[in-house]
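Descriptive analysis of the structure
As a plain string of letters, each chain reads:
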Amino acid sequence: MAKRSERLLNLMQALRRRRRPVAGQVLAEEMGVSLRSLYRDIETLKSMGAAIDGEAGVGFQLRAEHFLPPLMFSNEELEALVLGLRGLIYGPDAEMALTARDASSKIEAVLPKPMRDEMTSIGLFVIPPREIDPDNLLGRLRRALREERQVWLGYRDKSGAITERTVHPVALGYFEGHQTLAAWCTLRQDFRSFRVDGITALDVLEAPLPEPRRTLFHRWASARDLPDLT
């Protein structure tokens, strides 16, 4: 049988995957334990701060605002967190680099000492070419995405021609050597991709997007036949 800490982690993951209450017997079979042990594990998670609703005979569900106890990071999850944060810390987005450093410090502070030591010694790195964005275009584009606002762009295409247009931001992709904004282009009346290094001028407008960005995102993903990115 798996160690109890691993079983508790697996139970949290099983609850997180479900959007509706799930019967205790179903969870017990999935965890490979008795129903009595499952109820005991549920109570243990609750005592650690996990916001689990439900009771025996009714079913259990993890609330969206649940607290994630420190032990809930497996070694692989911790490696994924560190790898992603280091990619941002050494990336071109200076604002995001600072935010990633702060997030890394907060995660490290709440980890038990053995995991904290493990986090600081993980030998995984993503070090892209660091050409700092001097005009903070990335930060402004992230704000437009977050606040769901339209953006006015001056843009230089591959041929060197410069055009102006208003776009509805959908997503911002960070690639190894460049960043790309995906947006609905009002000039072309279609989804377009704009390399950030081709943006010659940018203004985040007060005008909100005409529809929720989530809706735009799914339309864009469907039009490009992309896998589920959420």
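This one's a predicted model, so the numbers in the text were calculated from it and none came from an experiment.

**Looking at the packing of helix 5 (residues 94-110) against helix 6 (residues 113-120)**
The description of two packed helices rests on the angle between their axes and on the distance between the axes. Here helix 5 crosses helix 6 at 145°, and the two axes come no closer than 8 Å. Here Ser 104, Ile 107, Glu 108 and Ala 109 of helix 5 lie close against helix 6, whose contacting residues are Arg 116, Met 119 and Thr 120. Tallied by class, residues from the contact of helix 5 with helix 6 come to 3 nonpolar, 2 polar and 2 charged.

**Side note on the packing of aromatic side chains**
Between two aromatic rings, the relevant description is the distance of the centres plus the angle of the planes. In the structure shown here, the tally under the stated rule is 4 aromatic pairs. For the ring pair Tyr 155 and Phe 194, a centre distance of 5.1 Å and an interplane angle of 85° mean the geometry is edge-to-face. Of this pair, Tyr 155 sits in strand 3 (residues 149-156) while Phe 194 sits in strand 6 (residues 190-195), and the two are 39 residues apart along the sequence. With respect to burial, Tyr 155 and Phe 194 carry one shared label: buried.

**Details of the pairing of strand 5 (residues 179-185)**
Burial analysis of strand 5 places 7 of its 7 residues in the buried class, the great majority of the element. Burial of the side chains of strand 5 extends over both faces: Gln 179, Leu 181, Ala 183 and Cys 185 are buried on one face and Thr 180, Ala 182 and Trp 184 on the other. The hairpin formed by strand 4 (residues 162-174) and strand 5 contains 4 residues between the paired strands. Where strand 5 and strand 6 come together, 6 bridges link them in antiparallel fashion. From the neighbouring strand, Thr 180 faces strand 6, where its bridge partner is Arg 195. Taken together, strand 5 and the strand that follows it, strand 6, pair antiparallel across an intervening segment of 4 residues, in which Gln 189 is found at a positive phi of about 55°.

**Considerations on the pattern of salt bridges**
All chains considered together, the criterion is met by 12 salt bridges. With a closest N to O distance of 3.8 Å, Lys 46 and Glu 43 form a salt bridge. In this pair, Lys 46 and Glu 43 are both assigned in helix 3 (residues 35-47), 3 residues apart and thus about one turn of the helix distant. Here the salt bridges do not stand alone but share partners, grouping Arg 143, Glu 147, Arg 149 and Glu 206 into one network.

**A look at the confidence of the model for the chain**
Per-residue confidence for the chain gives a mean pLDDT of 85; residues scoring 70 or more make up 90%. When pLDDT is averaged over each element of the chain, strand 3 comes out on top at 97 and helix 6 at the bottom at 81.

**Thoughts on the sheet that holds strand 5**
Sheet architecture is open: 5 strands sit in the order 6-5-4-3-7, paired in antiparallel fashion. Single-partner strands in this sheet number two, and they are strand 6 and strand 7 (199-208). Here the average twist between neighbouring strands, direction ignored, is 40°. Pairing analysis gives 6 bridges linking strand 3 to strand 7, with the strands arranged antiparallel. Paired with Tyr 155 across the strands is Ile 199, a residue of strand 7. The sheet strands contacting helix 7 (residues 137-147) are strand 3, strand 4, strand 5 and strand 7, and the helix crosses strand 4 at an angle near 80°. Running over the sheet, helix 8 (residues 213-223) touches strand 4, strand 5 and strand 6 and is turned about 90° from strand 4.

**As for unusual backbone geometry**
Backbone geometry places Glu 148, a non-glycine residue, at a positive phi of 55°. Along the polypeptide, Glu 148 turns up in the loop between helix 7 and strand 3. The phi torsion at Gln 189 lies on the positive side, around 55°, for a residue other than glycine.

**A few points about the packing of helix 4 (residues 75-89) against helix 5**
Close contact between helix 4 and helix 5 brings their axes to 7 Å; oriented N to C, the two are set at 150°. For helix 4 against helix 5, the interelement crossing comes out left-handed. Only Met 96, Ala 97, Ala 100, Arg 101, Ala 103, Ser 104 and Ile 107 of helix 5 make contact with helix 4, whose side of the interface consists of Leu 85, Leu 88 and Ile 89. For the contact of helix 4 with helix 5, the residue count by class is 8 nonpolar, 1 polar and 1 charged.

Quick notes on the rules
Residue numbers here run from 1 along each chain, matching the order of that chain's written sequence. Totals for whole chains, interfaces and linings use every residue, but because this is a predicted model, local features are given only for residues with pLDDT of at least 70 and side-chain atom pairs only at 80 or more, for both listing and counting. Hydrogens and water molecules were not included; the side-chain quantities draw on all heavy atoms of the structure. Inter-axis angles, ranging from 0 to 180 degrees, are taken between N-to-C directions of lines fitted to C-alpha atoms, where helices are fitted over the stretch in contact. Per the convention used, a helix needs a DSSP run of H or I reaching at least four residues, while a strand needs a run of E reaching at least two, with both numbered from the N terminus. Note on definitions: a residue-residue contact is assigned when non-hydrogen atoms from the two residues lie within 4.5 Å. Classification convention: Asp, Glu, Lys, Arg as charged; Ala, Val, Leu, Ile, Met, Phe, Trp, Tyr, Cys, Pro as nonpolar; all other residues, Gly among them, as polar. What counts as a ring pair is set by centres within 6.5 Å for rings of Phe, Tyr and Trp (its six-membered ring), and what kind of pair is set by the plane angle: stacked under 30 degrees, edge-to-face over 60, tilted for all other angles. For every residue, the accessible area obtained with a 1.4 Å probe (protein chains only) is divided by the maximum for its type, and the residue is called buried under 20%, exposed over 50%, and partly exposed between those limits. Note on pairing: two strands pair once DSSP finds at least 2 bridges between them. Any Lys or Arg side-chain nitrogen found within 4 Å of a carboxyl oxygen on Asp or Glu counts as a salt bridge. The quantity called pLDDT is the predictor's confidence in a given residue, expressed from 0 to 100. Left-handed describes a crossing whose near helix is turned anticlockwise from the far helix by less than a right angle; the clockwise case is right-handed.

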